[in-house]
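# Overview (structure and organization)
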Amino acid sequence: MTLINATMLTGMILAVVPIVLHLVMRARPRRIEFPALRLLRTRQPSNARRMKLRHWLLLMLRAGLIAVAVLAIARPSLPAAKYGLRWWEWVILGATAAAAFGVYRWLCRRDSGLPDSAALREARTRRRTWCVSGGALLALLAAGLPWGMRVRGELLAPRNEAMENIPVAAVFLFDTSISMTLRHENRTRLDQARDVAGDYLSHLPTGSRVASAGLSPDEEVVFQADLTGAQSRMEALQPTAVPQSLNSILKSAIQSLIDDRRRLQEETGVSEGEDLFAREILVFTDLSPTAWAHPDESGLADLVAQHEWLQIYVVNVGVAQPRNVSFSGLRLSEETSVPGREVLLSVTVAASSAVDTAAAVEVFRLDSGGREIRLGAPRIVRTEAGPTELQLTLEMPAGQPFVDGFVRLSGADPLPDDSIRYFTIAVRPKPRLLFVAESAAESFFLRNALQPEGAAAVGLEFYECRSIRLSQFSQQTLSDYDVICVINCREPDVAFWSALRKFAESGGGVFFGLGSLQISPEHWTAGDSRQILPAIPISPVKYLKEPAQLTVVSDKDVVGRAFARWEEARTELSRALFDRCWAVEPDPQGEVLMRFSGPGNRPALLARRVGAGRCLMFASALDNLPNGGSSWNNFVVENWAFLVWSDLIMQHLTGASDQTRNYVSGQAVELPVPGSQRFSQFLLRRPDLRNTKGELSPEHASLLIADAFDAGHYRVRPFESGSPFESAFAVNIRDEESDLSRIAEEKLQEILGKQRFTFVDRPDELSQAVRVGRLGVEVFPVLMGVLVVIFCGEHLMANFFYDER
């Protein structure tokens with residue numbers, strides 16, 4: 001127990017005054033002659049005993065009245081603990097009181113037939129005394145003993161005890177994640193945290209020192225020169241889209257306090273157990289679970305447990321029922337497209353329970369001048385059944401190398417940062433494809449799937465296609481094409497393989513289709529074929545019992561990833577039946593992307609990297625000719641998944657799926673730079689239109705940008721260079737920032753340790769919580785209540801006593 005005014009205990013001497021007065025001024029009995037002496041002598045012993053007991057009771061009440069008054073003025077306090085009775089302890093107290101009263105009534109009922117006499121009254125007095133004493137003893141054992149053990153357990157690790165006027169070394173930690181920008185009553189949660197911290201700062205004792213920190217990755221905990229500097233530091237804190245965890249900054253804050261405490265002990269020469277400051281850490285947060293790392297692997301709870309002098313307060317500045325509509329899970333069917341092509345955009349819309357069930361969503365595209373162009377009318381999304389996925393189609397315009405746009409909520413939202421999602425799509429020239437086959441009919445089906453006949457006439461030209469015979473291959477300039485498709489070539493020669501190898505190594509894409517019985521495996525192993533083929537053809541195989549089906553092996557490539565996400569296309573793909581395929585021997589450097597179900601689980605689609613290019617091989621027919629592919633499968637004519645599949649393999653071969661254009665805040669951005677467009681310096685235009693300069697090392701083939709934190713659109717251009725290089729990308733905040741639920745107090749106890757922090761659910765309770773943490777639970781209000789009870793008891797006892805005299 002701690003006494004704020006310990007010198008006032010000298011007033012306890014006054015408690016002796018009633019005893020002295022009682023002994024000095026005790027009245028002496030007067031001798032009075034009375035004839036009925038025998039009757040008086042029979043009453044004298046009992047009256048003397050009763051009067052003596054009342055004398056001592058009145059004496060103790062008067063001495064206790066002075067003692068309690070002095071103790072109350074001294075303002076004692078107990079270490080922080082839950083001294084109040086639990087509900088079941090109140091029940092036990094009530095039950096014991098009822099039991100004692102019931103026993104007394106039962107005993108009195110036994111004497112109800114006896115005449116009233118002095119002996120009966122004395123017996124009832126003794127019964128009352130025994131019943132009250134027994135009930136008190138039973139209550140002490142049943143409720144008082146468990147209460148004492150519970151409170152003792154809470155006091156085993158006593159907190160730091162400090163006087164009210166001792167200076168404080170405090171660290172203010174602010175949760176500066178995006179969720180703290182939620183507005184309520186026209187103020188963000190971060191503004192609310194600043195107000196609470198500022199009010200607390202203004203009431204700190206003279207000589208106090210304060211450090212403030214947010215969750216920025218480069219944040220440091222440094223004590224300011226004065227409290228004015230600490231206030232300015234708080235005002236300068238800004239939300240960050242890439243926050244470090246509160247666990248991490250808490251550990252830094254504790255270490256800073258440890259170092260500061262050790263330094264002051266060395267400078268002042270005080271002992272290790274003493275300190276000139278009361279040391280506190282105040283964490284202002286909306287309790288969003290994304291700001292905490294749970295489970296904690298940094299050993300934070302152990303570090304807190306090692307330093308009992310440290311007080312930690314977690315202050316909740318969140319909103320009980322936040323209103324918010326959020327976007328998450330932005331996906332694009334492709335991030336590199338061609339003019340006139342439609343790109344599918346998907347985004348998930350979710351709303352909190354306190355928001356209306358309908359949300360209006362708008363889509364905008366930026367033109368070459370940066371002006372916003374709304375694409376269609378706002379879409380109404382219903383969210384009463386939970387998060388809803390919204391799908392939109394975007395047509396790629398001509399004349400823009402990059403299309404920047406965004407999806408946003410129409411109207412105001414308390415948390416605007418998660419009500420908008422940005423996207424960037426690269427628009428490249430139409431890929432140029434060369435189809436090589438024994439006849440144009442064998443390559444027609446694949447070519448028509450990629451670029452339908454007559455589509456160009458209506459402005460739908462996504463590929464530039466040309467078909468030649470194998471005999472014409474040597475006459476072609478391969479550098480004029482992006483992809484070469486080799487379909488059922490029977491006997492390619494050594495020069496053919498050499499030219500394809502050089503084409504692939506320089507960055508081109510090569511596709512091989514095996515769907516003819518006339519293919520000569522010997523010619524497919526000649527020359528440089530083994531350096532380029534994903535697999536070596538062995539022999540054609542016929543499925544006798546039942547047709548095989550295509551199955552996706554992995555979702556790491558663009559083909560498998562697309563079918564894994566698109567359930568309808570995956571179902572349609574499973575309907576394609578294959579009666580024949582080529583048995584192949586995969587190259588050690590190759591990778592199987594799809595397989596045929598059935599005996600042998602044979603490879604169907606294989607991939608291989610060759611230099612800067614890619615090669616794919618499909619081990620079945622890609623035509624429906626009467627004497628050809630019609631006896632191999634129904635994939636190319638009766639299955640719309642063939643159209644999707646064909647486009648996906650071209651995206652893989654052209655490298656369109658390689659370059660990521662849309663990132664999450666804090667994610668490293670890598671932008672390949674072609675060797676012909678090298679430069680040494682570049683400018684990065686950020687979302688706030690601020691330009692920052694960077695350098696590209698000569699030995700690096702790509703730009704690495706590690707500080708793309710702000711959500712929005714970015715553009716990269718060479719600086720003071722004639723290189724035509726240009727690149728763009730978009731950044732969005734983490735989807736987790738939309739989680740406005742509260743982390744459970746049990747998880748906080750696992751992170752910080754049980755009984756090692758104080759949770760302040762309401763900011764206006766902070767001062768009281770800190771007071772309890774510094775001084776313990778002050779007993780002054782309780783003692784004043786006891787003082788009133790004793791005063792009333794003494795008054796009643798004195799009146800009763802003197803009336804009988």
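Residues numbered from 1 in each chain as written. Predicted model: local features only at pLDDT ≥ 70, side-chain atom pairs only at ≥ 80, totals over all residues. Heavy atoms only, no water.

## Quick look at the sheet that holds strand β34 (residues 727-732)
Here is the rule we go by: Two strands form a pair only when DSSP identifies at least two bridges running between them. What counts as a helix is a DSSP run of H or I of at least four residues, what counts as a strand is a run of E of at least two, and both are numbered from the N terminus. Axes here mean lines fitted to C-alpha atoms, for a helix over just the part in contact, with angles spanning 0 to 180 degrees between N-to-C directions.
Spatially, 5 strands are ordered β28-β34-β33-β30-β31 in an open sheet, and the strand pairing comes out mixed. One side of each edge strand has no neighbouring strand; the edge strands of this open sheet are β28 (662-664) and β31 (691-695). Averaged over neighbouring strand pairs, the angle between their axes works out to 30 degrees when direction is ignored. Two elements, strand β30 (residues 681-685) and β31, share 5 bridges in a ladder whose sense is antiparallel.

## Structural notes on the environment of Gly405
Using the following cut-off: Contacts were defined at the residue level, with two residues in contact if any of their heavy atoms lie within 4.5 Å.
Of note, Gly405 is situated in strand β16 (residues 402-409). Along the sequence, Gly405 and Thr424 sit 19 residues apart, while their C-alpha atoms lie 6.5 Å from each other. Beyond its immediate sequence surroundings of up to four residues, Gly405 is in contact with Phe364, Arg365, Arg421, Tyr422, Phe423 and His713.

## Quick word on the sheet that holds strand β6 (residues 209-213)
Strand order across the open sheet formed by 5 strands is β6-β3-β7-β8-β35, with parallel pairing between neighbours. The open sheet has two edge strands with one neighbour each: β6 and β35 (758-760). Averaged over all adjacent pairs, the angle separating strand axes in this sheet is 20 degrees, with direction ignored. Sheet topology places strand β7 (residues 278-285) next to strand β8 (residues 310-316); 7 bridges connect them, and they run parallel. If you follow Arg279 over to β8, its bridge partner there is Leu310. Across the sheet, helix α5 (residues 189-202) lies against β3 (168-174), β6 and β7, angled at about 175 degrees from β3, the strand it touches most. Relative to the sheet, helix α6 (residues 227-236) contacts β3 and β6, its axis offset from that of β6 by approximately 10 degrees.

## Remarks on the pattern of salt bridges
To be explicit about the condition: We count a salt bridge whenever a side-chain nitrogen from Lys or Arg sits within 4 Å of a carboxyl oxygen from Asp or Glu. When a residue's accessible area, from a 1.4 Å probe over protein chains only, is under 20% of the maximum for its type it is buried; when over 50% it is exposed; and in between it is partly exposed.
If you walk through the whole model with that rule in mind, you get 33 salt bridges. Across the salt bridge formed by Arg261 and Asp275, the nearest N and O atoms sit 3.2 Å from each other. Here the residue Arg261 occupies a position in helix α7 (residues 246-268), and Asp275 occupies one in the loop between α7 and β7, the gap between them amounting to 14 residues. A relative accessible area of 10% means that Arg261 is categorised as buried. Of the residues examined, Asp275 reaches a relative accessible area of 23% and is grouped as partly exposed. The partner of Asp367 in a salt bridge is Arg371, with the nearest N and O atoms 3.1 Å apart. Residue classification places Asp367 among the buried positions, given a relative accessible area of 15%.

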